[in-house]
Structures are given as C-alpha cells and as structure tokens.
Amino acid sequence: MTTRIPVGISACLMGDNVRHDGGHKRSRYCTDVLSRSFELQPQCPEVGAGLGTPRPAMHLVECDDELRLEEVRSGAEHSTALKDWTHETLPGLAHLRGFILMQKSPSCGMERVRIYNEAGHVQHRQGRGLFAAALMEHYPLMPVEEAGRLNDDHLLERFVQRVFVYDDWMRLREAGLTPKALIDFHTRHKFQLLAHCQRTYRELGPLLSDLSGGRLEAVAEHYISAFMAALERPVSRGAHANAMLHLLGHFRDVMEDDQRRAVAEQVDAYQRGEVPLVVPMTLLRLAQRHHPRDYVGGQEYLQPYPDQLGLRNRV
Ligand code: SF4
C-alpha cells in the first residue's frame, strides 16, 4: 500500500461531534474518498482552546481593527484562548501537506466569514476565521481549501494536485536542497507549470540557470512561491491542450503520423469541451507506454495524483 500524505482537516468534517451544538459536519467525500490518498489528521481549534462541547454559538466581531471571537448571546470573549492554542499548535503542523477547513466558521472558515460590528449587525462577509488566518500566514505555501469549495470539480482537482506537488517539494526540502534536486523538481513538474501559467513557466526556467554561490536558497524560495501561486490559477482547456500538444511533439520521431493525428484529434475534442481531460491524457500515456521517452516518462503531468480519485474524468 502506498503511503498516504498527511493532510489536516477540521475535526467536524471527519464526523467528530465537536461543533457548538454537539454535532458534526461530516464530509463523506473527505472521509470515504480523499482518505484513500490522504492521511486526514483532525484538529478542532475551539475544543483545543478548551471551549467545550456543546458550547454557545460564536461569531467574529470587529473592534478597534481587531477581530474578537465572541459568544453570540452573552458577548463573552474567547479570542485569547483560541489564539493561544493556535500559537502553540501551529509549529506542530509543519509535517502536513495541506489542510481542509470547515466553511463559514469564525475559527476555521477560509473566506466569506461574516464579520459583525459591536452593535451585533453584519459589517461584511469577507472575513476569515482566526485559526484559518493564522494557519495560512504561518504556512503560506501549504495548500488550504474549504470542504464546501471542494464540491467544485475544478477547485478539487487543483487542490489535490497542489497537495501532491507540495508533498514532493517538502520531501525535497527534508532530503536537503541541492542545485540538482531543484532542477530535477523543475524538470518533472515542467508541464504542470506550463499548463497552469505560461508566464511563470517562462520566468522560472531561466531563474534556475544560475544556482551558484549563495543564490540557491533565495532562488528556491522565490521559485516555489511562484510555482505554488501558479498552481492555484484556473487552467483553461486551451492551456491544457497547448501543454499536451507540446508533449505529443516528443513522439514525432517514433509514432506514425496517423497515430499522432488520432491523439491530436482528442486533444482538439477536449479543447472544444467534447471529452474530459482523461481522454487525451490516457492516449498520451499509452503513447509513452508503447514508445517510451525518458523526458516524457518523468513528467508528473501525465499522472499528478492517483487515477483512483477519478479527477480527470471531471474536468
Ligand atoms: S469548524 Fe472548526 S472550530 Fe468549529 S467545530 Fe469544526 S473544527 Fe471545531
């Protein structure tokens, strides 16, 4: 069995009865599907902060440019307890390769969390939960998503892909950064980057041409920040088609013209929205199986995550 990647998750999404009303918000997709590839490690910031279950409902109140976690009815404040727990807990989450958060929560919500004024009225809906904000600030490269947003196939596919890339990067870091390791990473993820953002692709390649002296660490930091930011961007069908046709070009000398034309036709069909990504991608993988090319075989783009997740059937 392959090793599962450690990913944090809001405990209520795992079915733990940790919500203020003593219930949970189990996400079956997380517990039954993603858990095959991810070792999901639950955290409940509010229980961790000692607020107990059940507990009064809470919300975020903006006061003197600060966000306070307050009980809705009594106004009792729990920001300090939550921030203290978060401060103590965050360093121990460095091994995680991603985090799935519960939406709308004043502790875990990643976006569109309601912020109230001191009179108890909604001031705006652009807030972020206290734990989520601290997590994303502490680990700016870590892929973070809300369970609700994972219902969108494209957001789900990008999140899973980012987790696998981040895992690869963290394993590189743990083994020790070297010029060769950085260049090898770039080489195997080149076509993923090309599909996501041509501008970043063109910027990052030349950046790696000089890793001499004391430049390596600074270049690596810049490189991975730009790389992970690029992977967050939506990929158009045209961008995928461009990357796949580039890959297909590597088989020019070994495939018959009509075979290559058949693959190119499915790339076109994908670009027109007639077939999902898995169709041309499977043909490219078959081409690689019948006519192995070292460079193509090393591309994570051909299989960025396990097939069993079925994500390329959905985008
Ligand atoms: S949203 Fe976060 S704080 Fe609230 S119950 Fe779930 S894990 Fe706990």
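Residues numbered from 1 in each chain as written. Predicted model: local features only at pLDDT ≥ 70, side-chain atom pairs only at ≥ 80, totals over all residues.

J.: I'd like to hear about the overall build of the protein chain, residue by residue, with values.
T.: When helices and strands are tallied, the protein chain shows 13 helices and eight strands. The dimensions of the protein chain, computed from C-alpha atoms along their principal axes, are 75 × 50 × 40 Å. Taking as baseline every contact in the protein chain between residues at least 6 positions apart, the subset at least 24 positions apart corresponds to 65%. (Helix = DSSP H or I, 4+ residues; strand = E, 2+ residues; numbered from the N terminus. Contact = placed C-beta atoms within 7 Å.)

J.: Just give me the short version of the nonpolar core, but keep the residues and values in it.
T.: Core analysis: the largest hydrophobic core is formed by 78 residues, its most contacted members being Val7, Ile9, Leu13, Phe99, Ile100 and Leu284. With eight residues, helix 5 (residues 153-175) is the largest single contributor of residues to this core. Residue contributions to this core reach at least three from each of two domains, namely domain 1 (5-150) and domain 2 (152-315). (Core = buried A, V, L, I, M, F, W, Y, C linked by C-beta atoms within 7 Å. Buried ≥ 20, exposed ≤ 12 C-beta atoms within 10 Å, placed from the backbone. Domains from an automatic or database assignment.)

J.: How would you summarise the site of the ligand if you had to cite specific residues and measurements?
T.: With respect to spatial proximity, 13 residues lie near the ligand, and among them Cys12, Cys44, Met102, Ser105 and Cys108 are the closest. By residue number, the principal contributor to the shell around the ligand is helix 2 (residues 45-48), which donates three residues. Here the shell around the ligand is built from residues that sort into eight nonpolar, three polar and two charged. (Near = placed C-beta within 6 Å. Nonpolar A, V, L, I, M, F, W, Y, C, P; charged D, E, K, R; others polar.)

J.: Which residues make up the domain arrangement of the protein chain, and what are the values?
T.: As far as domains go, the protein chain holds domain 1 (5-150) and domain 2 (152-315). The centre of domain 1, based on its C-alpha atoms, is set 32 Å off from the matching centre of domain 2. If you look at the interface, domain 1 gives 12 residues, while domain 2 gives 16 residues. A per-class count over the side of domain 1 that touches domain 2 returns six nonpolar, two polar and four charged.

J.: So, the environment of Val263: which residues are in play, and what are the values?
T.: You can see Val263 is positioned in helix 11 (residues 257-271). Between the alpha carbons of Val263 and Thr282 there is a distance of 9.4 Å; along the sequence they are 19 residues apart. Not counting the four nearest positions on each side in its chain, Val263 is found in contact with Leu248, Pro280, Leu283, Leu284 and Ala287.

J.: Can you explain unusual backbone geometry? Please cite residues and give values.
T.: Residue Pro54 follows Thr53 across a cis peptide bond; omega there is -5°. Tracing the backbone through its elements, the reader meets Pro54 in the loop between helix 2 and strand 3 (58-63). Within the chain, Lys104 stands out as a residue other than glycine whose phi angle is a positive 70°. Looking at the element boundaries, Lys104 is found in the loop between strand 5 (99-101) and strand 6 (113-116).

J.: Kindly report on the environment of Val278, identifying the contributing residues and their values.
T.: Tracing the backbone shows Val278 in helix 12 (residues 278-290). Looking at Val278, the number of C-beta atoms within 10 Å reads 17, which means it is partly exposed. Separated by 151 residues in the primary sequence, Val278 and Gly127 have C-alpha atoms spaced 37 Å apart. Setting aside residues up to four positions removed in sequence, Val278 forms contacts with Arg312 and Asn313.

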